[in-house]
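One letter stands for each residue in the lines below.
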There are 2 protein chains.
Amino acid sequence: MAQSTASKKAAKAKGKTGKNGKPEKAKNGKAGMSKTEPDKAEEAKPSKGRRPGPDKPAPDKSTAAKATKATKPEPTDAVEPDVYTADPVEVTREGAKDWSEPVGPLLRPGDGFDLATFDAGATPGWDGSEKDAERRMAALGEELSELQERLYAEGRSGGSRSVLLVLQGLDTSGKGGIARHVLGMVDPQGVALRSFGVPTLQEREHHFLWRIRNALPPTGRIGLFDRSHYEDVLVAVVDELAPPEELDARYGEINDFEAELAGSGTTIVKVALVISPQEQYDRLHERLERPDKHWKFSVGDLATRAKWPQYTQAYQRVFDRTSTEGAPWHVVPADNKWFSRLVVTELLTQALRDLNLGWPVADFDVDAARAALEETKDQGTTAS
Amino acid sequence: MAQSTASKKAAKAKGKTGKNGKPEKAKNGKAGMSKTEPDKAEEAKPSKGRRPGPDKPAPDKSTAAKATKATKPEPTDAVEPDVYTADPVEVTREGAKDWSEPVGPLLRPGDGFDLATFDAGATPGWDGSEKDAERRMAALGEELSELQERLYAEGRSGGSRSVLLVLQGLDTSGKGGIARHVLGMVDPQGVALRSFGVPTLQEREHHFLWRIRNALPPTGRIGLFDRSHYEDVLVAVVDELAPPEELDARYGEINDFEAELAGSGTTIVKVALVISPQEQYDRLHERLERPDKHWKFSVGDLATRAKWPQYTQAYQRVFDRTSTEGAPWHVVPADNKWFSRLVVTELLTQALRDLNLGWPVADFDVDAARAALEETKDQGTTAS
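Residues numbered from 1 in each chain as written. Chains lettered and ligands numbered in written order. Predicted model: local features only at pLDDT ≥ 70, side-chain atom pairs only at ≥ 80, totals over all residues. Heavy atoms only, no water.

## Section: the pattern of salt bridges
Inference 1: Enumeration according to the criterion identifies 48 salt bridges over all chains in this entry.
Inference 2: In this structure, Arg-211 of chain A and Glu-203 of chain A form a salt bridge, with 3.1 Å as the shortest nitrogen-oxygen distance.
Inference 3: Judged by its relative accessible area of 8%, Arg-211 of chain A is buried.
Inference 4: The salt bridge partner of Arg-161 of chain B is Glu-154 of chain B, with a shortest N-O separation of 2.8 Å.
Inference 5: Taking relative accessible area as the criterion, Arg-161 of chain B reaches 3% and is therefore assigned buried. (Salt bridge = Lys/Arg side-chain N within 4 Å of Asp/Glu carboxyl O. Buried < 20%, exposed > 50% of the residue type's maximum accessible area, 1.4 Å probe, protein only.)

## Looking at the environment of Ala-327 of chain B
Residue and element names in this part refer to chain B.
Inference 1: Secondary-structure assignment places Ala-327 in the loop between helix 11 (308-322) and strand 5 (329-333).
Inference 2: Sequence separation between Ala-327 and Gln-202 is 125 residues; the distance between their C-alpha atoms is 29 Å.
Inference 3: In this structure Ala-327 touches Glu-258, Ile-268, Lys-270 and Thr-322, once residues within four positions along its chain are discounted. (Helix = DSSP H or I, 4+ residues; strand = E, 2+ residues; numbered from the N terminus. Contact = heavy atoms within 4.5 Å.)

## Side note on the packing of helix 8 (residues 244-263) of chain A against helix 11 (residues 308-322) of chain A
In helix packing, the relevant descriptors are the interaxial angle and the interaxial distance, both defined with respect to the helix axes.
Residue and element names in this part refer to chain A.
Inference 1: Between helix 8 and helix 11, the least distance of the axes is 10 Å, while the angle of their chain directions is 45°. Compared by their axis directions, helix 8 and helix 11 come out oblique. Crossing geometry of helix 8 relative to helix 11 is assigned as right-handed. On helix 11, the residues that touch Asp-248, Tyr-251, Ile-254 and Asn-255 of helix 8 are Arg-317, Val-318, Arg-321 and Thr-322.
Inference 2: When the residues that make up the contact of helix 8 with helix 11 are grouped by side-chain class, the tally is 3 nonpolar, 2 polar and 3 charged. (Axes fitted to C-alpha atoms, helices over the stretch in contact; angles between N-to-C directions. Parallel < 35°, antiparallel > 145°, perpendicular 65-115°, else oblique. Left-handed = near helix turned anticlockwise from the far one by under 90°. Nonpolar A, V, L, I, M, F, W, Y, C, P; charged D, E, K, R; others polar.)

## Section: unusual backbone geometry
Residues and elements named next belong to chain B.
Inference 1: Phi is positive for Arg-227, close to 70°, though the residue is something other than glycine.
Inference 2: Within the secondary structure, Arg-227 is located in the loop between strand 3 (222-226) and helix 7 (235-238).
Inference 3: Arg-227 sits in the buried class, given a relative accessible area of 5%.

## Some thoughts on the sheet that holds strand 2 (residues 191-195) of chain B
Residues and elements named next belong to chain B.
Inference 1: Strand order in the open sheet formed by 5 strands is 2-3-1-4-5, with parallel pairing between adjacent strands. Strands with a single pairing partner mark the edges of an open sheet, and in this sheet they are strand 2 and strand 5. Looking at each pair of strands side by side, their axes are set apart by 20° on average, direction ignored.
Inference 2: The sheet contact formed by strand 2 and strand 3 spans 5 bridges and is parallel. Bridge pairing links Ala-192 to Gly-223 in strand 3. (Pairing = 2+ DSSP bridges.)

## Side note on the packing of aromatic side chains
Inference 1: Under the defined criterion, the tally for this structure stands at 22 aromatic pairs over all chains.
Inference 2: Each ring, one from Phe-113 of chain B and one from Phe-118 of chain B, has its centre 5.8 Å from the other, and the planes form 55°; the classification is tilted.
Inference 3: For Phe-118 of chain B, a relative accessible area of 22% corresponds to the partly exposed category.
Inference 4: Three or more aromatic residues joined by ring pairs form one cluster here, namely Phe-113, Phe-118, Tyr-230, Tyr-315, Phe-319 and Trp-329 of chain A.
Inference 5: It is Arg-250 of chain A that lies over the ring of Phe-208 of chain A; its NZ or CZ is 4.9 Å from the centre. (Phe/Tyr/Trp six-rings, centres within 6.5 Å; stacked < 30°, edge-to-face > 60°. Lys NZ or Arg CZ within 6 Å of the ring centre and 35° of its normal.)

## A short note on the environment of Arg-180 of chain B
Inference 1: Within the secondary structure, Arg-180 of chain B is located in helix 4 (residues 175-181).
Inference 2: Side chain to side chain, Arg-180 of chain B and Ser-145 of chain A meet in a polar contact 2.7 Å long. (Polar contact = N/O pair within 3.5 Å; in protein donor to acceptor, adjacent residues only side chain to side chain.)

## Thoughts on the pairing of strand 4 (residues 222-226) of chain A
Residues and elements named next belong to chain A.
Inference 1: Of all 5 residues in strand 4, 5 are buried, a share of seventy percent or more.
Inference 2: Here strand 4 shows two buried faces, one formed by Ile-222, Leu-224 and Asp-226 and the other by Gly-223 and Phe-225.
Inference 3: Pairing of strand 2 (residues 162-169) with strand 4 involves 5 bridges; the strand directions are parallel. In the strand pairing of strand 4, Leu-165 is matched with Leu-224.

## Focus: the side chain of Lys-175 of chain A
All names here are of chain A.
Inference 1: Within the secondary structure, Lys-175 is located in helix 4 (residues 175-181).
Inference 2: As a buried residue without a salt bridge, Lys-175 has its nearest oppositely charged side chain in Asp-226, at a separation of 4.7 Å.
Inference 3: Excluding residues that lie within four positions of it along the chain, Lys-175 makes contacts with Leu-167, Gln-168, Gly-169, Leu-170, Asp-226, Arg-227 and Leu-273. (Lys, Arg positive; Asp, Glu negative; His and termini not counted.)

## Re the sheet that holds strand 3 (residues 191-195) of chain A
Residue and element names in this part refer to chain A.
Inference 1: Pairing is parallel in the open sheet, where 5 strands are placed in the order 3-4-2-5-6. Looking at which strands have only one partner, the edges of the open sheet turn out to be strand 3 and strand 6 (329-333). Ignoring which end each strand starts from, the neighbouring axes of this sheet average 20° apart.
Inference 2: As paired strands, strand 5 (residues 266-274) and strand 6 are joined by 5 bridges and run parallel to one another. Among the inter-strand pairings, Val-274 is bridged to a residue of strand 6, identified as Pro-333.
Inference 3: Helix-sheet contacts for helix 8 involve strand 2 and strand 5, and the interaxial angle to strand 5 is about 135°.
Inference 4: Where helix 12 (residues 337-353) meets the sheet, its contacts fall on strand 2, strand 4, strand 5 and strand 6, and the angle it forms with strand 5 comes to roughly 170°.

Written out as structure tokens, the structure is:
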């Protein structure tokens, strides 16, 4: 860990060499940023206008099912602060093997996609080894880490963007491992994890999206939903937990909801981890054989497993009806954990890259602050 | 990152070799654990009684100031589930240098402790190099990571314990770096980070501990408070934000509150990061010189810096009045970031070690579950 931290630092220092020159002239003299420091009661929050990307098309909010080629959701109401640079993060990629084909589009369920014949043991787009995948993960981790910091910085400086990874998959498909091994690569201050279980009594008294809205990642964060609103069209459909017409309406409600999120600055990355029945058997078996894994096992897992065909159907319908242009699904073969983790890291990094994040321009007078700091140079020293 | 993950796995597999034998007989046949899986609506939560440690003394709730030798807070109402093993985590420590003296007691402010003459550049108890410290961090990280998983497992199985790291320090003292580099070593699902800024209007309408209670880590988690209720006896004292008698009463209220927390199963680790005025100057200077760090700077930092002697006094009083036996302060020299990070990792790992965490005993019939799983061995395969 220490080694990887050290190498990260080195890469970072290197990447920043070109940026340490004279900063841009501060654009106003307002004191205070949107930092929440207890000792700063008066904060002048700059009001920044909408700044849409110059060359990007307006978002297509159509909820076309089976979008084969999805475009990124384009924030419409999202606020992006002024940035002084949007240079890509420089990362050393020596020895890091690349995909034979961009993995994002490859895993989006297009026309004729059939989950029942999906190969959960495949590694589409990747002809490297597991070792190659680990090396690429490490390189991506560095990049992801800096991109996350830029996103966080933007969020603290008046921006309104965030990234939300929606993770679905049957028991043992590796959702927890994604949280640990992918999100674990970035600063925990910048991530917001939420997992969704059986709705509580209170949650059941509300619309199914109520608890989801309450759990959205704060601005500037990478959120992860371990299960999500899709449970309301998965377990709810399989176990018929609502009237058919209500269930049927949910797909459209979800599409509208996700379009709304995209419009307010949240990039949604949807991932379904798909394992084979045999692989699930093996993983459940291990949980039963190892006493240190018993706590992860639930007898309910077997009941769910018994409904494999029904879940396959329910997932198929989810892909058919909610893989939109703005928020496409990625159906990820997950029998190989190293592969699914690499894929999610890749998708997440790409999503952040697409935000063209820079560092926020100071909203205070940098020269004045420098002068004021110089005046205090010996102040503390003499006092203590 | 991938490398360190791999080595972690190897160490873990090694550590578990001895545990993969026959599991203990399940103690009851109840279905379901306290996992929150959406597909398990009916969950029989075992009601487990209080199980205090056998040889441990009752907690001393006295709020003796300047405790030179503090004992761990002993949970009184805390629930510990049955565990099948409380073996220490096995970690390879080859080449990992040890402390010349246990660092915990060394950093507790005892009689005659004087913050004004404290050496923020020292590395007490550590005569190794920075490189040695990194190696030890890595080894501790592995241990911390497994201990965190045990704590989480316990929390999901009816336990009621958690660990709360309370982090205080002036601007630039490295609180964020602790979150990133120390808490970043464990599964993000197991940590709960909260930072406290200027109280909101709503928060100001409540008792100062109200927002703190609302932010306590859930059972089974490692919580981190980046600033905390201590702001209410730091900035509040320096800036006289409340009447003197109200401020004066807060120390006792804090001690009572923390004793209550300990009693309900929360181990509190209190850390104050102390930097020198010169070091703060350097760090603020860097934030002003590097455009990619401007977002971290706030003009308010200079106002706080100007009150260095007042903050020194306020911190001194905090140590004098709230370093209790159950929740002692650790005053950590923080001019060397590598040192303060190592110290916090050490303190956190020790706190978790002291919980004697094992893996929860299954609260379902393991043999019956095995048999049920076998029956479904080909079920899914034929279905898809």
